[in-house]
Amino acid sequence: MRDTIILLAGQFAQMMLVLLIAPLITGIIRRVKARFMRRKGAPVWQPYVDLSKLLRKESVIAENASWLFRSAPYAVFAFAWVAAALVPSFAAGLMFNWAADVVALVALLGAGRAILALAGMDIGTSFGGIGSSREMMIATLAEPALLLVFLTLALMAGSTRLPEIAGHFISTPPTVRISLALALVAFVIVALAENARIPVDNPATHLELTMVHEAMVLEYSGRHLAMIEFAAQLKIVTYLALIACLFVPWGMAPANAGPFAWFAGLLAWASKLCLGAVLLGAWEVSIAKMRVFRLPDFLGIAFVFAFLAILMAFVTRAVL
Amino acid sequence: MIAAPAYLTPFAGLLCAIVLYAVAGVIAGVLRGGALRIVYPVAIVAALIAIACDLAALMSQGDFAHVLPIGLPGTGLRLRLDTLSAFFGLIVNIGVLAAAIYGLGLDPAHDLSGRIEPFFAIFVAAMNAVLIADDAFAFLFFWEVMSLMSWALVVANHESPENRKAGQVYLLMAAIGTAALLFAFGGLAGTAGGYSFEAMRAAAKTPLVSTLVLTAVLIGAGSKAGIAPLHAWLPLAHPAAPSHVSALMSGVMTKVAIYGLIRVVFDLLGAPVWWWALPFLLLGAATAVLGLLYAVLDGDLKRVLAYSTVENIGIIFVALGMALAFKAEGLNAAAAVALAAALLHAINHSWFKSLLFLGAGAVLHATGRRDLDGLGGLIHTMPKTAALFLAGTMSICALPPFNGFISEWLLFQSVLAGPGFPEPVLRFLSPAVGAMLALAAALAAACFVRAFGIVFLGRARSPAASAAHEAPRVQIAAMGLLAALCLFGGLFASALVALIEPLLVKFAGVALPGAGTGPTPFALVAFDPKRATYDALTIGIFLIVSGTLTTLVVHRISNRRTRRGPAWDCGFPNASPITQYSGSSFSQPLRRVYGAFAFGARDNVDMPAPGDMRAAHFSVTMRDPVWQCLHAAPARAVFGLARRLNRFQFLTIRSYLVFMFSALIVLLLVAAVWF
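Residues numbered from 1 in each chain as written. Chains lettered and ligands numbered in written order. Predicted model: local features only at pLDDT ≥ 70, side-chain atom pairs only at ≥ 80, totals over all residues. Heavy atoms only, no water.

**Overview of the nonpolar core**
Residue and element names in this part refer to chain B.
Argument step 1. Among the nonpolar cores identified, the biggest contains 376 residues, and Phe88, Phe120, Phe185 and Leu320 are the most heavily contacted of them.
Argument step 2. With 23 residues, the single largest contributor to this core is helix α13 (residues 332–367).
Argument step 3. In contact with phenylalanine 120, other than residues within four places in its own chain, are Val39, Tyr40, Ala43, Ala99, Ala100, Leu153, His244, Val245 and Leu248. (Core = buried A, V, L, I, M, F, W, Y, C linked by side-chain atoms within 4.5 Å. Buried < 20%, exposed > 50% of the residue type's maximum accessible area, 1.4 Å probe, protein only. Helix = DSSP H or I, 4+ residues; strand = E, 2+ residues; numbered from the N terminus. Contact = heavy atoms within 4.5 Å.)

As structure tokens, this is what we get:
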């Protein structure tokens, strides 16, 4: 009983934690980008201010918006939040870590994407349509790659459950494995695509025909936009946390370790996330955005790498 | 408590239901007029009886066999209700129940009444009868009745030349399929000629015979299920039928074909060899991707659904192939996971595909159109249909917490057991199959976001779409029933797994490994709770709680004012609905990425030079390789040959006499040389 309560408290702490840290990570990315461009840049807490400002604004929605348009931001946020809460962060084996394995996580992320794409089509503007259409095209290439990366790691660890995978990589001595490296490259490409980052999409543009994510959410304002921006920030945290959990799991507290070990895990996790944010910022200023129809090649690399990774895992007859 | 009399078995009940269906059909067909109205109510009653009997048979794991003194002289009609028949009977009769409830809401004066009801009733009776047939004659007879009745339903609206063509192609494919099945049963019966399934099970088969039977049954049952490259008739025929019949054909009849396949390959053919799995895996994976590529590029709502049926059949084939391979290699636990994926996908697909077809029927009825580019904005005029169609969309895209994800999850778990294959071919093939499945899953999301978004969201693209009206209440109820089942199947998948446990034990040797050992009773476990768990109920509650909580908190702390204004659209909103993204513009990126490779899709842009006043033109050319190679080319050859042989029809009597005389001489010569 006491264990259950502790685990539940840990799960609750994680849910609150991802909410708290998500805007900060985005703030760090923007700040890093600004510094690299020799600009001063906004303070790292600017995203918090932006969110609260959006919440205070009235929401203007189009005349023909349906119930789907109004409820989609909350649904998208709920899916993003649950996904972020399911990835082991400071400790493995929290209350609900078992409820969804990697396959389910891909599906949860996919559900959020599908709902947002539908919301983009609701008003019936050409910008919304172009955004949804391209988002789904990118997803058809990125999602299989993501799933294959996850399956590769699952094969190596002998489990599709995230805590078990993390536990496996913590307990085995770190060695260089080709399939792991291929999987990491594929995962990073997918993460860039799914979070609408350069070179796939530019989160800072408006009014450009190549934009994807921003075009989908063009009609949103006020609290609805706040929810969508928040969900996008949570998604970045989810992907960074996944890299931290799957590829560099060291420092994570084991299940049932109790609050003190959690604190150490928390520090490790937060620093990994911040490091990821800095690297992402540096990456984004050092590369240009791609044309939309070059994306299939870029994402195709992810798919091929992920396939090679899983093929190698099969050939070497991994544990499972 | 009064003990039930001994004759009141599930089998007897099921027979009553079948007779009820058939009698209603015959009465409606003979009397017509007011008698037509009895079909759907009687079908609902019969479906409820049949569902109860199938459930009872499945849960009691009963095996009821009877020989009726009708049928071929001297042999009688062998019928048997075992767990496999009962499970597929459940699929059939739940589909029939929904379709019949939907049928109550059809307008008898307009909806081709009289050309649907009698055939509908006999069609469902025949499907039920196929499932309980226990000899080759009964199976083929009822299979043929099923095919013919569904053909009659396909050409119910025969004024349209498209439907007539669909009927012709369907009839041809059904005939080829039945012939192949006849051949398969012939091979199974062997030289002893025992046509009962029991004799076939016992008969010894040489590897050659097994190969031939496998090929024949893949052609026979596979073509009915819609496996590529024998799928071409399906997207023509299924959409041509009235929508509730489309739901039955796509959702249910394809499962009867899957039943035939499982019955022959898993039951009658004996112990499997590993390479039997190859055609299942290769054809299934190719079908899954190809079916969706067709679906995502098509512009007709019902045809999109039919192509997606082809895809789902591909997924079931892959799952069956994995189950066969694991079973052949002695990996029973993995075989159970794969077989559970196949069976659950069969029942899940029957629910969400029926739901989507009924929704498409409601749209067709309300607007008279099923082309994507003539619809739009129906979420405003048909809010309930839109919400239920959305549930079907979520299910078919395999999004949690709906049911489509359950079978996909199980299938990926079974793929992950692939490194256990001793056979290197299978070990290499399973990640490739997994990659194809992942691609199909992602394409399915794109396909159905497009279908739902274009039809229900945005602004109406035609006057018919803006004047749409909500479907009648009974039809909403029929769709609601299926949507509830989709959600139930997603949240309480462990209940369904418990239901199919006897089947897994029978055909894979063990129950689903790890079932019931999860952290909660509703968690789905594959192999081992440490290896793979998924608990849709927890996730669902988690989602609802966090969604509700967020909404409440945001409404509390935010500025709650909402103003309606014109669409923003970057400052240049265009009043014309034509400027919206259409179905073909939505799929344009996918067409460029995948279509160029699969269908040789080319965008032809004819842009006049500056100053030139003629209109610009844009067209897309695509070719369907399967149709061209497998259907158009043989048809051309047959017609060409026929035209040449046609000359022999108009000769004089003298020439015919010469032909006969020379034929006789040649025959005699051959006979003389031969003996």
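**Topic: the side chain of serine 558 of chain B**
Argument step 1. Tracing the backbone through its elements, the reader meets serine 558 of chain B in the loop between α22 (536–557) and β5 (562–565).
Argument step 2. In this structure the side chain of serine 558 of chain B is engaged in a polar contact, spanning 2.6 Å, whose partner is the backbone oxygen of valine 554 of chain B. (Polar contact = N/O pair within 3.5 Å; in protein donor to acceptor, adjacent residues only side chain to side chain.)

**What to know about unusual backbone geometry**
Argument step 1. Cis geometry marks the peptide bond from isoleucine 198 of chain A to proline 199 of chain A, where omega comes out at 10°.
Argument step 2. Backbone torsion omega between proline 400 of chain B and proline 401 of chain B reads 5°, so that peptide bond is classified as cis.
Argument step 3. Tracing the chain through its elements places proline 401 of chain B in the loop between α15 (383–396) and α16 (404–415).
Argument step 4. Of note in this structure, arginine 38 of chain A is not a glycine but carries a positive phi near 60°.
Argument step 5. One can find arginine 38 of chain A in the loop between α1 (2–36) and α2 (46–56).
Argument step 6. Within the chain, phenylalanine 527 of chain B stands out as a residue other than glycine whose phi angle is a positive 65°.
Argument step 7. Tracing the backbone through its elements, the reader meets phenylalanine 527 of chain B in the loop between β3 (524–525) and β4 (533–534).
Argument step 8. Assessed through its relative accessible area of 16%, phenylalanine 527 of chain B is described here as buried.

**Regarding the environment of phenylalanine 314 of chain A**
Argument step 1. With respect to the helices and strands, the residue phenylalanine 314 of chain A is situated in helix α11 (residues 295–315).
Argument step 2. Sequence spacing of phenylalanine 314 of chain A and leucine 109 of chain A is 205 residues, and the spatial spacing of their C-alpha atoms is 26 Å.
Argument step 3. Aside from chain neighbours lying at most four places away, what touches phenylalanine 314 of chain A is Leu155 of chain A together with Val415, Gly418, Pro419, Arg427, Ser430 and Pro431 of chain B.

**What to know about the pattern of salt bridges**
Residues and elements named next belong to chain B.
Argument step 1. This structure, assessed with the given rule, holds 24 salt bridges over all chains.
Argument step 2. Arginine 80 serves as the salt-bridge partner of aspartate 134, at 3.2 Å between the closest nitrogen and oxygen. Here the residue aspartate 134 occupies a position in the loop between α4 (117–132) and α5 (136–154), and arginine 80 occupies one in strand β2 (residues 77–81), the gap between them amounting to 54 residues.
Argument step 3. Among the residues examined, arginine 80 registers a relative accessible area of 15% and is labelled buried.
Argument step 4. Among the salt bridges present, the one from arginine 614 reaches aspartate 606, with a minimum N-O distance of 3.0 Å.
Argument step 5. Aspartate 606 sits in the partly exposed class, given a relative accessible area of 30%.
Argument step 6. Each of Asp82, Arg201, Arg263, Asp267 and Lys506 takes part in a single network of salt bridges with overlapping partners. (Salt bridge = Lys/Arg side-chain N within 4 Å of Asp/Glu carboxyl O.)

**A few points about empty space enclosed by the protein**
Argument step 1. Within this structure, the stated rule accounts for 7 cavities of 30 Å³ or more.
Argument step 2. Considering only enclosed or pocket space, the largest cavity measures out at about 150 Å³ in volume.
Argument step 3. Secondary-structure elements contributing two or more residues to the lining of the largest cavity are α12 (301–328), α13, α15, α16 and α17 (424–456) of chain B.
Argument step 4. By residue class, the composition of the lining of the largest cavity is 11 nonpolar, 4 polar and 2 charged.
Argument step 5. Within this model, the second largest cavity holds a volume of roughly 100 Å³.
Argument step 6. If you list the elements that add at least two residues to the lining of the second largest cavity, you get α4 (102–122) and α5 (126–157) of chain A together with α16 and α17 of chain B.
Argument step 7. Among the elements that line the lining of the second largest cavity, the one with the most residues is α4 of chain A, at 3 residues.
Argument step 8. The residue inventory of the lining of the second largest cavity, partitioned by class, reads 10 nonpolar, no polar and 2 charged. (1 Å grid on protein atoms, 1.4 Å probe; cavity = no way out; pocket = protein on both sides within 12 Å on 5 of 7 lines; lining within 4 Å. Points joined across faces, edges and corners; volume = space filled by probe spheres on them. Nonpolar A, V, L, I, M, F, W, Y, C, P; charged D, E, K, R; others polar.)

**Topic: the packing of aromatic side chains**
Argument step 1. Applying the stated rule across the entire model yields 30 aromatic pairs over all chains.
Argument step 2. Three or more aromatic residues joined by ring pairs make a cluster, and in this case those are Phe150, Phe187, Tyr239 and Phe247 of chain A.
Argument step 3. Its end group placed over the ring of phenylalanine 527 of chain B, arginine 531 of chain B keeps NZ or CZ at 3.9 Å from the ring centre.
Argument step 4. Note that arginine 592 of chain B overlies the ring of phenylalanine 293 of chain A, its terminal NZ or CZ placed 3.7 Å from the centroid. (Phe/Tyr/Trp six-rings, centres within 6.5 Å; stacked < 30°, edge-to-face > 60°. Lys NZ or Arg CZ within 6 Å of the ring centre and 35° of its normal.)

These figures come from the coordinates and say nothing about function on their own.
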